[in-house]
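Below are the chains, spelled out letter by letter.
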Amino acid sequence: MSGTRTVTKSSTLITRFGSQTALLCGTSLGLIAIAQPAAAQVVPTCTLPEVAPVSGTGNILINSGGARGRNGSLDLDDLDKKNAGNGAAGGQVFASGTHNYDSGPIQPTIVRTVGGRGGTGLSILFAGTAGAGGAGGNGGPITYQACGLDALTVGVNSIPIHQLSPQAGIFVLSRGGDGGNGGDVIGVAGTGGRGGAGGNGGNIALDIFSEVIVNPNPSFLGPAPGILVQSIGGRGGVGGEAEGLVVDGGRGANGGNGGTLNIDLFGQVSTFRGSSSGLIAQSIAGSGGSGASGSGLFEGGGGAGRNGGSANRVDVTLQPGGQVFTAGASSHGIVAQSIGGGGGVAGSGTGIVALGGSGGTGNNGGMVSVTTNGGIETRGSTSDGVIAQSIGGGGGVGGSGLGIVGIGGSGGTSGAGGAVTVIVGPTGRITTRGVDSRAIVAQSIGGGGGAAGLSAGIVAIGGSGGAAGNGGVTTVQFDGAIDTFGDRSIGILAQSIGGGGGAGGSATGNNSIGGTGGSGGAAGRAAVGAQIG
């Protein structure tokens, strides 16, 4: 981005590094260090096209939504019309908003682009395959700058001010549309329609230069984060149900991916209510669609659950001079998360021969990086300074098989946690003052394997549990200051945790074999390093 403004700050700080680098510590020890005067801070100015506030409210609203796909229909001249249409993509956002309101409070800023939902497939009678659900549209990419040098004072009550907005001072969202559901089938023989795939969340780039103050007045009731940024993949559509003599339930569809997030905070964020974190940044993949049940007189097969989407990278940087302050309980400073989509649950089968569907595969969490060269302070209880997490999606549960011959479906394997890095630079400082308030929590967590489906019959075989995902590499580096003042307030908690394997399916019958459990996930490396000088 072109154009700069220069702010020079010079100060001498006496700081204390918290000694909570172990997992089981309770107090901070005093290690004194003198920080050097800060270098000149070069801050880019806002250069994108400006969106004016809504008249009389101070609210900046950018909303772009794709249309929903058409539902499947019967057309003898075009049999493919039984399959539903896809949702349209949300539009691109490339803009800035100037926040020069110091007489507030005003309404929140909402920047939102959402893909349309896929249509529903056509249901059929007698025989055949029902119509498929349409795919959800992708959420558009967002590049947004919150500009202005004065305070953006936002009042948020317990009821959302705008139907498009959760309760946040600045809310930025790109969301993929959900996939449509497959049509049902009722007849002699047939298969339920498959679900439609979820749309992907768009990539988000966000620069915050404003000072954002949320709910400073006790008359404003609601919990509300200062800034909430989300890229969310749409959920996969559910398969269609099937009933008849020989039938199979429709399979679900894959969930959409979460987009990448790149956030730079040059300004200041303050919140004053409980459950009101300063900045929340999340890439969340959509869950896989569930398979549908198949209920047949002779044979019934459950539809398979499908795979969750993959989450993407989340990068948050608190620039020199940037500040995050929270006063309420359970109000963290910065929360950065990349969460893989869970696998879809499989459908059950019933009939003389009954086959449960297989659970969908959970997908991986993405890389997460938080760098602070500014200040973070939390004052309430259970209010951590930084939480950085990459979490793999869990495997889907297998479907049950209930019949004279019943075979349970296998559970889905799960996704791995991605690499997590937290860096506290030489000018960075993290302070927590409440009890049970950790300075840094860095975690990479593998998803749990899906449980297998049970079985019952004269001959019964339980399904196998899904394998768990591995934890990724977790790294914490700090050159700056870390202070924790409350009881049970750890300085640094760095963990890599493998997921637990899925349980095998039980089997009930005269001739029965239970399923095997899934393997557990491995933990990755966790490293903490300090540089003092």
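Presented here is a report on the structure given in the accompanying data block. Keep in mind the model is a prediction, meaning the values are calculated, not measured. (Residues numbered from 1 in each chain as written. Predicted model: local features only at pLDDT ≥ 70, side-chain atom pairs only at ≥ 80, totals over all residues. Heavy atoms only, no water.)

For the structure on display, the rule yields two aromatic pairs. Ring geometry for phenylalanine 272 against phenylalanine 325: centres 6.0 Å apart, planes inclined by 55 degrees, an arrangement best described as tilted. Within this pair, whereas phenylalanine 272 is found in the loop between β18 (268-271) and β19 (279-284), its partner phenylalanine 325 is found in strand β22 (residues 323-326), the two being separated by 53 residues in sequence. Classification of phenylalanine 272 by relative accessible area gives partly exposed; the value is 30%. Assessed through its relative accessible area of 19%, phenylalanine 325 is described here as buried. (Phe/Tyr/Trp six-rings, centres within 6.5 Å; stacked < 30°, edge-to-face > 60°. Helix = DSSP H or I, 4+ residues; strand = E, 2+ residues; numbered from the N terminus. Buried < 20%, exposed > 50% of the residue type's maximum accessible area, 1.4 Å probe, protein only.)

What follows covers the pattern of salt bridges. Scanning the model with the defined rule gives seven salt bridges in all. One salt bridge in this structure joins aspartate 436 and arginine 488, with 2.8 Å as the shortest N-O distance. Of the two residues, aspartate 436 sits in the loop between β30 (429-432) and β31 (440-445) while arginine 488 sits in the loop between β35 (481-484) and β36 (492-497), which places them 52 residues apart along the sequence. Through salt bridges that share partners, Arg175, Asp178 and Arg235 make up one connected network. (Salt bridge = Lys/Arg side-chain N within 4 Å of Asp/Glu carboxyl O.)

The residue glutamine 389 is located in strand β27 (residues 386-391) in this model. Taking the relative accessible area as the measure of exposure, glutamine 389 reaches 12% and is therefore buried. A distance of 2.7 Å separates polar atoms of two side chains, one belonging to glutamine 389 and the other to glutamine 337. Engagement of the side chain of glutamine 389 in a polar contact is seen with the side chain of glutamine 443, the distance being 2.7 Å. If near-sequence neighbours (up to four positions away) are discounted, glutamine 389 is found in contact with Ala336, Gln337, Ser338, Val368, Val420 and Gln443. (Polar contact = N/O pair within 3.5 Å; in protein donor to acceptor, adjacent residues only side chain to side chain. Contact = heavy atoms within 4.5 Å.)

Read across the sheet, nine strands follow the order β5-β7-β11-β15-β19-β23-β27-β31-β36 without closing on themselves; strand pairing throughout is parallel. Single-partner strands in this sheet number two, and they are β5 (61-65) and β36. Sheet twist, expressed as the mean angle between neighbouring strand axes with direction ignored, is 5 degrees. Where β27 and β31 come together, six bridges link them in parallel fashion. What sits directly across from valine 386, in β31, is isoleucine 440. (Pairing = 2+ DSSP bridges. Axes fitted to C-alpha atoms, helices over the stretch in contact; angles between N-to-C directions.)

Here the focus is the nonpolar core. One finds Val229, Val316 and Ile440 to be the most contacted residues of the largest nonpolar core, which totals 47 residues. Excluding residues that lie within four positions of it along the chain, valine 316 makes contacts with Ile263, Leu279, Ala281, Ile334, Ala336, Ser369, Val370 and Thr371. In terms of nonpolar packing, the next biggest core, distinct from the first, is built from twelve residues, Ala168, Ile232, Val335 and Ile387 among them. (Core = buried A, V, L, I, M, F, W, Y, C linked by side-chain atoms within 4.5 Å.)

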